[in-house]
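The primary structure of each chain is shown beneath.
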Amino acid sequence: MKALTLLPVLTLLAACAPTTQTQPTYTYEGEARFLLIPQKLRVTYTVNPGTHEVRGEYRNLSSRDTFTLTGTQLTGPDGETLTAKIDPGDTPRLNASLLGFGISNVPLKASGTLSATLTATLLHGTLRVNGLSYPVTLNRVR
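Owing to the predicted nature of the structure, the values given are computational and were not obtained by experimental measurement. (Residues numbered from 1 in each chain as written. Predicted model: local features only at pLDDT ≥ 70, side-chain atom pairs only at ≥ 80, totals over all residues. Heavy atoms only, no water.)

1. Digging into unusual backbone geometry
Note on backbone geometry: most residues besides glycine have negative phi, and most peptide bonds are trans.
Reasoning step 1: Its identity as a non-glycine residue notwithstanding, His 52 has a phi of 65 degrees, on the positive side.
Reasoning step 2: Looking at the element boundaries, His 52 is found in the loop between strand S2 (37-47) and strand S3 (53-60).
Reasoning step 3: In this structure His 52 comes out as partly exposed when scored by relative accessible area, which is 33%.
Reasoning step 4: Its identity is not glycine, yet Arg 64 carries a phi of approximately 65 degrees, on the positive side.
Reasoning step 5: Following the sequence through the fold, Arg 64 ends up in the loop between S3 and strand S4 (65-76).
Reasoning step 6: Arg 64 sits in the exposed class, given a relative accessible area of 74%. (Helix = DSSP H or I, 4+ residues; strand = E, 2+ residues; numbered from the N terminus. Buried < 20%, exposed > 50% of the residue type's maximum accessible area, 1.4 Å probe, protein only.)

Following this line, the structure appears as structure tokens:
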């Protein structure tokens, strides 16, 4: 009998419980040229639909380097707009000197910024690394 009297209360509590939203996963793959050298790339990330926050990875399949990708994806007039930082994370650093002059703590891999417009089948944008911009067009992988 007590279970029947608690049923309306339990129903109200269940209605207030947070629901989990599925985070869509996007994967794009293709080739881009950096300093005239073709590189095969893969970008895979998820988008939090509530905050538009992007988290994932940027992989250079040619060199086998993996970078973290963080940023935002917002709806724009020409499709979704992705703005993300590409970070090598904890990478080896260069420390060298000659006759007392040198460099120290310089990362061997550079970070960059990816700005792109997404359509149903393409990621088209620019990757900026060390002050240089490179065009990037990747195809969506399903």
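2. Regarding the pairing of S3
Reasoning step 1: Sheet analysis places S2 next to S3, joined by seven bridges and oriented antiparallel. Note that in S3 the partner of Val 47 across the bridge is Val 54.
Reasoning step 2: Relative to S4, S3 is paired through eight bridges, and the arrangement is antiparallel. The residue of S4 that forms the bridge with Arg 55 is Thr 70.
Reasoning step 3: The hairpin formed by S3 and S4 contains four residues between the paired strands, and Arg 64 there has a positive phi angle of roughly 65 degrees. (Pairing = 2+ DSSP bridges.)

3. Observations regarding the layout of surface pockets
Reasoning step 1: Volume-wise, the largest pocket comes out at about 440 Å³.
Reasoning step 2: For the lining of the largest pocket, the secondary structure elements donating two or more residues are S2, S3, S4, strand S9 (122-129) and strand S10 (132-140).
Reasoning step 3: When residues of the lining of the largest pocket are assigned to their parent elements, the largest contribution, three residues, is made by S2.
Reasoning step 4: Of the residues belonging to the lining of the largest pocket, the class tally is 13 nonpolar, six polar and two charged. (1 Å grid on protein atoms, 1.4 Å probe; cavity = no way out; pocket = protein on both sides within 12 Å on 5 of 7 lines; lining within 4 Å. Points joined across faces, edges and corners; volume = space filled by probe spheres on them. Nonpolar A, V, L, I, M, F, W, Y, C, P; charged D, E, K, R; others polar.)

4. Looking at the sheet that holds strand S8 (residues 112-118)
Reasoning step 1: Here we have eight strands rolled up into a closed barrel, ordered S1-S2-S3-S4-S5-S8-S9-S10, and antiparallel in their pairing. Neighbour-to-neighbour, the strand axes of this sheet turn through a mean angle of 25 degrees, independent of strand direction.
Reasoning step 2: The pairing of S9 with S10 spans eight bridges and is classified as antiparallel. The residue of S10 that forms the bridge with Leu 127 is Tyr 134. (Axes fitted to C-alpha atoms, helices over the stretch in contact; angles between N-to-C directions.)

5. Some points on the environment of Glu 53
Reasoning step 1: Inspection of the secondary structure puts Glu 53 in strand S3.
Reasoning step 2: Taking the C-alpha atoms as reference, Glu 53 lies 6.6 Å from Gln 73; in sequence the two are 20 residues apart.
Reasoning step 3: Not counting residues up to four positions away in its chain, the partners in contact with Glu 53 are Thr 46, Val 47, Asn 48 and Gly 71. (Contact = heavy atoms within 4.5 Å.)

6. With respect to the pairing of S4
Reasoning step 1: Note that S4 and strand S5 (residues 79-87) share nine bridges and pair antiparallel. Looking across to S5, one finds that Thr 75 is bridged to Glu 80.
Reasoning step 2: Joining the antiparallel neighbours S4 and S5 is a turn of two residues.

7. Focus on the packing of aromatic side chains
Reasoning step 1: Tallying each qualifying case throughout the model produces three aromatic pairs.
Reasoning step 2: On the basis of an interplanar angle of 25 degrees and a centroid distance of 5.3 Å, the ring pair of Tyr 26 and Tyr 45 is categorised as stacked. Of this pair, Tyr 26 sits in strand S1 (residues 25-34) while Tyr 45 is found in strand S2, placing the two residues 19 residues apart along the sequence.
Reasoning step 3: Judged by relative accessible area, Tyr 26 falls into the buried class, the value being 16%.
Reasoning step 4: Relative to Phe 67, the ring of Tyr 58 lies with its centre 5.8 Å away and its plane at 70 degrees, an arrangement referred to as edge-to-face. The same class applies to Tyr 58 as to Phe 67, namely buried. (Phe/Tyr/Trp six-rings, centres within 6.5 Å; stacked < 30°, edge-to-face > 60°.)

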